[in-house]
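What follows is the residue order along each chain.
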Amino acid sequence: MSEASIAACVKWVDLHPGVDPATALPEPSAHSWGFSEADRAALEVALRLAEARGTEAVVVCAGPLEARRCLAELAASGPARAVLVEHDHQSGPGTSGVVLAGVLGPRHLDVDLVVCGDMSNGRGSGSVPAVVAHHLGFAQALGLIELDPGPGTLRAVRRLDGARREVVSVDGPAVLSVEGSVAALRRAPLGAATSAAMTSEAVEVVRTDPHHAPERPTRVVPWRPPPRAVPAPHEADAFSRIVALTGAMADHSPPRSVEGTPEMAAELILEQLRTWGYLARDGEQT
Amino acid sequence: MTETTEFDAVVVGAGPAGAAAAFELARAGRSVALVERGPFPGSKNMYGGVVYGRILDTLIPRWWEEMPVQRWVTRRQTMLMTGHQALTIDYRTDTWGRPPYNGATAYRPDFDSWLADKAVQQGATLLCSTTVTGLLVEGGRTVGVRTDRPDGDLRAGVVIAADGVNSFLAKEAGLYGEVSADNYTVGVKETIALPREVIDERFAVRGDHGVDIEIIGCTGEVPGGGFLYTNADTVAVGLVLSLPALAAGGSRPEELLAALKAHPAVAPLVEGGEVKEYSAHVIPEAGYDMMPELVGDGLLVAGDAAAMCLAAGVWLEGVNFAIGSGAAAGRAAHAALRSGDTTAAGLAGYRTRLESSFVLADHRKLREAPHLVMGDLAQRQLPGLACDVAEAVFQVTNPDPKPGLVRIARKQIARHGLKLPTVARETIRALRAYG
């Protein structure tokens, strides 16, 4: 495969799903599958970056074969290549990112800049940019709301909480994610759009090896401390036993403020957790 | 990437007329581009009634097995209404619930996409999200269209304008004379979600059978009519309102629609539902008398763009006329391309085909009907008169004896300020109009 240095990753989603009034779950629509505004903005950013740097852009989608026609229409906007990585997008969170990283890496497309939409309409986990960056070993600049596609070091503005902004400089291989307002995808010329409507042959289809399923991230759940065995209360009457069990009448340690080094703060927190019984003391089993 | 911008024919608008035209051209082996401004066919379309599918017999064998249908209409009602009364003529037959069926309710995004997909399967090229901005004209002859895309000229031997009721292409080509707002109505519609079993119970239907109700007398001072029909798990209720009367008066469509939904004959049918959609669309109401020239040099006009919608009171049909005219346009365009003459003379076979089919035959036969339906007698007098006669007939006034039907009719006619000669004259006019 020839080298392409900038890739736009897009996700084929139901843009206007209905909602089941009984279950409030989304119902897939028959007509409105496509690519989100954020993904379309990502492609436009990739095209502008490619133009500014004199290189080529490629659009990549991990999804089912049904996405091929939509991807061909998207590709009519100007990327040099369009690649569909055949993938069951229902196969679990994070798997799309792993599959994409496999194609974007040095063995295939060998890109050095990846642009994604910051979110899709598909109720996904939003993890694709981070997973791609992790697997490629790239830096991340996520949630961008402005981007200067000029040559040289890339300068972008990132949205932070509390209406704050962060200006970031991106130098070297990176994964960017952009909001839909960053850029409007250019209209495809009529000839290219017509050709895309006639055939989707321009889209290269890459099939992943079914025997090498992508690594699925470990399921993440909140940590819940194990139950702690306490001796049975020995008080004579029921009321006293309840008081003893719940500690309702016991003295409580009041909140306190301490100042110190991070190490000291961590040790205080651990000691308090031991006091409450959430952590075992040395030599003690929980 | 190979770029293609020249076709045997370009069809503008992927509604039923455009899809049928593209279907026929592609089936005949012609290269045809079907250009749609929405993201998919039917994405902007609405309608207020029934799809009569038998016209599809010539295009898609056993179409009923795959057409996206909400319900097959087996129960048809015409309701005459005043502010507090309603007189309903109710007809039902299970025959319409079996192949080859009669009419069906359908969602236009589903139906239009399905029909356009049939054209694509025949070889047509469907180009969505592309707006045609004008005609390409050379030497007075249409040779293609301009679109809003970069490098957006599309050349073709024949252009078929199926671009809807406001057809800018037919107007640009000078095929329309002076356009009068009197010829147009505006349709407004609410789609209301109700559980399927609730619809079955309220409308007394089962399975995939449904009801279509046409209403007159529900539009206050504005000439027009109403409709109510069942989908699988929604009902659609709406009004068709005279455009100039609406503009001149103080009524707003949504207020009139709210009044219809609150009417004692309608409220029990829709109450408790959730409004999922409110939509509005202009309708060409005047039929034959407002039709443009159907043929120009290199140009044909079909569907609502050619005012093919039939609004004749008991017959309210649009989709079947659109498909019929579109299919005829496709066949005529193919014949003209084959003969190498796509001038207006070469395309004249289009009108001939329409005249020999139901499309223009029905429109010509019923050309007076739209005026009759929107006239003063049908709008202001008939609903109240019919309801009062029915009330007098069915009301028992003992100890007074029954007055007799003739006496009731004469009394109510007089009470409504009508004279017998006027009623007789209008009755004869109606009989002539409906042939």
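All values derive from a computational prediction rather than experimental measurement.

Looking at the interface of chain B and chain A
Many structure descriptions define interface size as the accessible area lost when the parts assemble.
And then number 1: Taken together, the 24 residues of chain B in the interface contact 15 residues of chain A.
And then number 2: With both chains or domains summed, chain B and chain A bury close to 1,700 Å², and 62% of this area falls on carbon and sulfur atoms.
And then number 3: Viewed at the interface, chain A and chain B are joined by 1 salt bridge.
And then number 4: One salt bridge connects Asp148 of chain B with Arg187 of chain A, and the closest N-O pair in it is separated by 2.6 Å.
And then number 5: In this structure, the connection of chain B to chain A is made through 4 residue pairs in polar contact (both at pLDDT 80 or more).

Here's the deal with the packing of aromatic side chains
Residues and elements named next belong to chain B.
And then number 1: Taken as a whole, this structure holds 9 aromatic pairs over all chains when the rule is applied.
And then number 2: A ring pair is formed by Trp63 and Trp72, whose centres lie 6.1 Å apart and whose planes are at 55°; its orientation type is tilted.
And then number 3: Each residue in the set Trp63, Trp64, Trp72 and Tyr101 is aromatic and connected to the rest through ring pairs, giving one cluster.

Some words on the packing of helix 12 (residues 376–394) of chain B against helix 13 (residues 405–415) of chain B
Residues and elements named next belong to chain B.
And then number 1: At a closest axis distance of 9 Å, the pairing of helix 12 and helix 13 adopts a crossing angle of 140°. For the element pair helix 12 and helix 13, the recorded crossing hand is right-handed. Here helix 12 contributes Leu385, Asp388, Val389, Ala392 and Val393 to the contact with helix 13, which in turn contributes Leu405, Ile408, Gln412, Ile413 and Arg415.
And then number 2: Residue classes in the contact of helix 12 with helix 13 are distributed as 7 nonpolar, 1 polar and 2 charged.

Concerning the domain arrangement of chain A
And then number 1: Assigned domains within chain A: domain 1 (6–207) and domain 2 (222–286).
And then number 2: Between the C-alpha centres of domain 1 of chain A and domain 2 of chain A the distance comes to 49 Å.

Some thoughts on helix 1 (residues 16–27) of chain B
Residues and elements named next belong to chain B.
And then number 1: Spanning 12 residues, helix 1 covers 16 Å between terminal C-alpha atoms, matching the ideal 16 Å at 1.5 Å per step.
And then number 2: Of all 12 residues in helix 1, 11 are buried; the element is thus mostly enclosed.
And then number 3: Inspection of helix 1 places Pro16, Ala17, Gly18, Ala19, Ala20, Ala21, Ala22, Phe23, Glu24, Leu25 and Ala26 among the buried residues, and these make up the whole buried set.
And then number 4: Tucked inside the fold, the buried residues of helix 1 contact strand 1 (6–12), strand 2 (32–35), helix 2 (108–122), strand 10 (153–161) and helix 8 (319–339).
And then number 5: Among the residues trailing helix 1, Gly29 stands out with phi positive, at a value near 90°.

What to know about the nonpolar core
Soluble globular proteins tend to pack their nonpolar side chains together in the buried interior.
And then number 1: Formed by 142 residues in total, the largest nonpolar core has its most connected members in Leu71 and Leu176 of chain A together with Ile160, Leu300 and Tyr350 of chain B.
And then number 2: Tallying contributions element by element places helix 8 of chain B first for this core, with 11 residues.
And then number 3: When near neighbours in sequence (up to four residues on either side) are disregarded, Tyr350 of chain B contacts Leu294, Val295, Leu300, Val301, Ala302, Met308, Ser325, Ala328, Ala329 and Ala332 of chain B.
And then number 4: Residues Val188, Ile192, Ile199 and Val211 of chain B belong to the second largest nonpolar core, which totals 26 residues.

Some remarks on the pairing of strand 9 (residues 139–148) of chain A
All names here are of chain A.
And then number 1: Here 4 bridges tie strand 9 to strand 12 (residues 174–178), and the two strands are oriented parallel to one another. Along strand 12, the bridge assignment pairs Ala139 with Ala174.
And then number 2: Taken together, the 4 bridges between strand 9 and strand 10 (residues 154–159) define a ladder with antiparallel strand orientation. If you follow Leu144 over to strand 10, its bridge partner there is Arg158.
And then number 3: Adjacent in sequence and paired antiparallel, strand 9 and strand 10 are bridged by 5 residues, among which Gly152 carries a positive phi angle near 85°.

Description of the sheet that holds strand 7 (residues 81–86) of chain A
Residue and element names in this part refer to chain A.
And then number 1: On the basis of which strands lie adjacent, the open sheet formed by 9 strands has the order 11-10-9-12-8-1-6-7-13 and mixed pairing. Single-partner strands in this sheet number two, and they are strand 11 (165–170) and strand 13 (203–207). Each adjacent strand pair in this sheet contributes to an overall mean axis angle of 35°, direction not counted.
And then number 2: As paired elements, strand 1 (residues 6–10) and strand 6 (residues 57–63) share 5 bridges and run parallel to each other. Bridge pairing links Val10 to Cys61 in strand 6.
And then number 3: Running at roughly 145° to strand 6, helix 3 (residues 95–104) makes contact with strand 1, strand 6, strand 7, strand 8 (113–117) and strand 13 of the sheet.

What to know about the pattern of salt bridges
Side chains that differ in sign of charge can pair as their charged atoms come close.
And then number 1: Counted according to the given criterion, the structure contains 33 salt bridges over all chains.
And then number 2: Between Arg76 of chain B and Asp212 of chain B there is a salt bridge, with its nearest N and O atoms 3.3 Å apart. One end of the pair, Arg76 of chain B, is in strand 4 (residues 71–81); the other, Asp212 of chain B, is in strand 12 (residues 209–216), and 136 residues separate them in sequence.
And then number 3: The exposure class assigned to Asp212 of chain B is buried, which follows from its relative accessible area of 0%.
And then number 4: A network of salt bridges, in which partner residues are shared, links Glu44, Arg48, Glu51 and Arg186 of chain A.

Examining the side chain of Ser279 of chain B
Residues and elements named next belong to chain B.
And then number 1: Looking at the element boundaries, Ser279 is found in strand 15 (residues 274–284).
And then number 2: We classify Ser279 as buried; its relative accessible area is 16%.
And then number 3: Sequence-distant contacts of Ser279, defined by excluding residues within four places in its chain, comprise Met46, Gly187, Val188 and Lys189.

Rules of the game
Residues numbered from 1 in each chain as written. Chains lettered and ligands numbered in written order. Predicted model: local features only at pLDDT ≥ 70, side-chain atom pairs only at ≥ 80, totals over all residues. Heavy atoms only, no water. Contact = heavy atoms within 4.5 Å. Buried area = accessible area lost by both parts, 1.4 Å probe. Salt bridge = Lys/Arg side-chain N within 4 Å of Asp/Glu carboxyl O. Polar contact = N/O pair within 3.5 Å; in protein donor to acceptor, adjacent residues only side chain to side chain. Phe/Tyr/Trp six-rings, centres within 6.5 Å; stacked < 30°, edge-to-face > 60°. Axes fitted to C-alpha atoms, helices over the stretch in contact; angles between N-to-C directions. Helix = DSSP H or I, 4+ residues; strand = E, 2+ residues; numbered from the N terminus. Left-handed = near helix turned anticlockwise from the far one by under 90°. Nonpolar A, V, L, I, M, F, W, Y, C, P; charged D, E, K, R; others polar. Domains from an automatic or database assignment. Expected span 1.5 Å × (residues − 1). Buried < 20%, exposed > 50% of the residue type's maximum accessible area, 1.4 Å probe, protein only. Core = buried A, V, L, I, M, F, W, Y, C linked by side-chain atoms within 4.5 Å. Pairing = 2+ DSSP bridges.

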